[in-house]
Each structure stands twice: as structure tokens, then as C-alpha cells.
Amino acid sequence: MKELCHTIDSFKESIFSTITRKAIETGAINLAQGFPDFEGPKWIIDLAKEAMDEGKNQYSASIGIRPLRQSIQTLYKKFYDLNFDADKDITVTNGATQAIYLSIKAVINPGDEVIIFEPFYDSYVGSILLAGGVPVPVTLKGPSFEFDLKELENAFSDQTKLIIINTPHNPSGKIFTTKEYDQIATLVEKYDTYVLSDEVYEFLTFDNFKHTPVASHYKLKDRTITVSSAGKTFEFTGWKIGWAVAPAKITHAIRMIQQFQVFCVAHPLQVAMGKAIDRLDSYLPDFRARYQAKRDFFIKGLQAAGYSPIIPNGTYFVLVPIDGNDDFSACMDLIEKKKVASIPPSSFYLKSDDGKKYLRFCFAKKFETLEKACELLK
Ligand SMILES: Cc1ncc(COP(=O)(O)O)c(C=O)c1O
């Protein structure tokens, strides 16, 4: 038979599937994949049940139900003073992952270059390659995970079409600074590129750190696609409700692809998430306090177990430097010997070997899970 799509030849099984399978086989505590080991709020489950009982069970509008798009519009206005139009600028997607795919497909022609900061969320590279684009990595250097301006400048060329930013950043917990936004904006303007900003951890910031959307930057608003996910904010990663927010022309392109890809997203879950977003004001204080406590608790536990974690300013991940230069073996060793699963971050790099020096742990887990993991890690 004729050969299948060549792009897929370079795709390997996701590291999350590999490690999760190993964790299950060995009975290890799974601090690998980024999702809570507890239920999201019961009141949101009730909202979804109500929506089902009320008959919201057929296809919705392809672009997402209007009440949810209006809730997203209000979110950006209320929290960031950003004006987006629910009818023209907002598309509901199957999680942020699909929003990322749609955004890249909407912007990229075969051969276009896309700058990505490494370590990166692994769907970026897959989506770029599926669109026929060329990923161009720029390394964020630990322990502070700043980029080297010269390296970034050298990554830009006349072929650059898009740069992807992820802030707060998985896996480092870095929050990009205003100075970094300015530096990126200057280059983006110079080379006339688009920006995809993955902000799924927008409400997971710690201490006095605050998230500022990339689209708030006066030079970037008109060329930025902002992606986020209710899955992270409301602890329902399995519901896969996300969105892409962008100027009308880009949104039109995104919607044209959406109609032929999944057409629409689970209808009753859109109803529930719209209502949940409307209650963010009362929801967020407890949410943020819980994750701040989890971060502090886990960091202390890791330190007591003899590790020197890099303290994250955002997200629910922490990178821990390891002895030696082989994150995969170190990860397997911890699973076998200590019964704790993490992620070897070298799979989030294309260029640098820096990822081999760390393991990534997820602390979106019950306190008792974190406590047990820290005990085992001693
Ligand atoms: C940086 C980043 N972007 C996007 C996603 C995916 O979000 P969703 O589950 O809504 O597709 C994740 C999930 O871990 C992530 O870490």
C-alpha cells in the first residue's frame, strides 16, 4: 500500500503516555502528567448535569455557544481590561491544545518558520509540523529561564511567521517579564510576525506574581492569538473546554478550520463552563490559596528530602535539578526505586541538552499524595 503521511514518521509516543503506563505498572505515585488527582468543584458538575437535563445535548454553534463566548469576553475585560468581541474575536475549542493547533494552521503556510521557546509544551512542535511549518527553538536558560536576546534575534528571519510564548511557563514556572515582552515586541514588529500566547495557567501565579496577557502589550494586541483553558482554572482537564481569542481576521481563519475539524465542542460542558467563568470572582481566592499552599508544601517536602527545587512563580509544576545528565534514567530510577513518577523534560527540547539536568513534578495533587511522595523521595 502507499505510504502514510510522512510528517508522522518523526512523531513518537507522548512522554506522558510512556510514563503514566510505567507508573501504573509499578504502582508509583503519579506526579507526572498535569492534572489534579481530585475532583473539580461539585457545583460545576451540577451545572453540567443541569445543562444535560435542560436538553443542551445536540451540536452547538461551531464557534461555541454565545453565553460562553460572552463570559470569556467579560473575563478579559474584568481581569485585564482587554476588549474582545464575543461575536468576532472568540472561538471555543476542544481544550487549549486544539486552540493551539487551529491557531498554527490558521497562520502557517508550508515552509514558514515558527519560533518556540524551549522547554515547550509538546503539542507546539507536532502542530507546527502538521501545518508544514518549521520549528525554530530558542532556549530558556535555567535556573531563571531567561532567553538570550542575541539568540532570539538570530532566530528571527524573513521566514518567521509566528512566535509562541507560554506564560506562566510549563515546565519552569517562569512568568515572562515586561522587559521580555518589549524585546519580543520589537522583533515581532520588525519581522512582521504573529504571536501565539498560551496562557492556560493565567490564574495559577504565586506570591506577588501576576499574569499579564501578551495581548495587553500595545505593540502586540493586533497580532496576538491568546489561548487559554477552563480545564486548568476549574480543575476539569478532561472536559477540554478551551478558547482562542484573536483579532477578527485571524479568528475568521480559525473558525473556518474549526468547522471542518471538530465542528463544535461538548455542548453541556460549554454551558457549565460559561456559568463557572461568571463566578470567577468568588471562585479564585480559594483556588489560588489552595495552589499556593500546595506549592509551598511540596517545595518544603522536596527540600526536606534533599532536593533543591527551582521555585516556580506560576503553573502547577516544579523542576528539580538532578545529579548527572540523564533525566530519562533518573526518572525511571525514581519510579522503580522510590515509586514516584515525574517527567523527564528533555522531551520538551529540540536544541539544547539542558532538559537532561532536571525532572518535572506536578503538584496539582491532594496534600496526602504530595506528603506521601515526599516521604518516598527521601
Ligand atoms: C502550556 C500548556 N498549554 C496547553 C495545555 C493543554 O490544555 P488543554 O488540556 O486545555 O488542551 C497544557 C496542558 O498541560 C499546557 O501545559
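Scroll up to find the structure this text is about.
Okay, so let's go over this structure. Every value quoted in this text rests on a predicted model; they were computed, and no experiment measured them.

## Observations regarding the side chain of T315
Mapped onto the elements, T315 comes out in the loop between α11 (280-304) and β9 (317-321). Take T315: its relative accessible area is 0%, and that puts it in the buried class. A polar side-chain atom of T315 sits 3.1 Å from the main-chain amide nitrogen of F317. Setting aside its immediate chain neighbours within four residues, T315 contacts P168, H169, N170, G173, Y201, L204, F206 and F363.

## Brief notes about the site of the ligand
Neighbouring the ligand are the residues G95, A96, T97, Y121, N166, N170, D198, V200, Y201, S229, K232 and K240. At 2.6 Å, a side-chain N or O of T97 approaches an oxygen atom of the ligand. Within the side chain of Y201, an N or O atom sits 2.6 Å from an oxygen atom of the ligand. Starting from 400 Å² of accessible surface for the ligand in isolation, the protein chains cover 93%. When residues of the shell around the ligand are assigned to their parent elements, the largest contribution, three residues, is made by helix α4 (residues 95-107). Considering only residue class, the shell around the ligand consists of four nonpolar, five polar and three charged.

## Considering the nonpolar core
Residues F117, L152, F234 and F361 are the most contacted members of the largest nonpolar core, which totals 122 residues. Top element by residues in this core is α11. It accounts for eight residues. Mapping this core onto the domain boundaries places at least three of its residues in each of domain 1 (6-40 + 283-377) and domain 2 (42-280).

## What to know about the pattern of salt bridges
If charged atoms from side chains of opposite charge come close, those side chains can pair. In this structure the tally under the stated criterion is 23 salt bridges. Here K78 makes a salt bridge to D281, at a shortest N to O gap of 2.9 Å. Of this pair, K78 sits in helix α3 (residues 66-80) while D281 is found in helix α11, placing the two residues 203 residues apart along the sequence. Of the charged contacts, one joins K357 and D354 as a salt bridge, the two residues approaching to 3.8 Å between their closest N and O atoms. You can call K357 partly exposed: its relative accessible area is 37%. Several salt bridges share partner residues, and in doing so they unite R66, R69 and D87 into one network.

## Description of unusual backbone geometry
Of the consecutive residues E118 and P119, the connecting peptide bond is found in the cis state with omega at 0°. Relative to the elements of secondary structure, P119 occurs in the loop between β3 (113-118) and α5 (123-130). Cis geometry marks the peptide bond from G142 to P143, where omega comes out at 5°. Mapped onto the fold, P143 is located in the loop between β4 (134-139) and α6 (149-155).

What counts and how
- Residues numbered from 1 in each chain as written.
- Predicted model: local features only at pLDDT ≥ 70, side-chain atom pairs only at ≥ 80, totals over all residues.
- Heavy atoms only, no water.
- Helix = DSSP H or I, 4+ residues; strand = E, 2+ residues; numbered from the N terminus.
- Buried < 20%, exposed > 50% of the residue type's maximum accessible area, 1.4 Å probe, protein only.
- Polar contact = N/O pair within 3.5 Å; in protein donor to acceptor, adjacent residues only side chain to side chain.
- Contact = heavy atoms within 4.5 Å.
- Near = heavy atom within 4 Å.
- Areas by Shrake-Rupley, 256 points an atom, 1.4 Å probe, with all protein chains shown as cover.
- Nonpolar A, V, L, I, M, F, W, Y, C, P; charged D, E, K, R; others polar.
- Core = buried A, V, L, I, M, F, W, Y, C linked by side-chain atoms within 4.5 Å.
- Domains from an automatic or database assignment.
- Salt bridge = Lys/Arg side-chain N within 4 Å of Asp/Glu carboxyl O.

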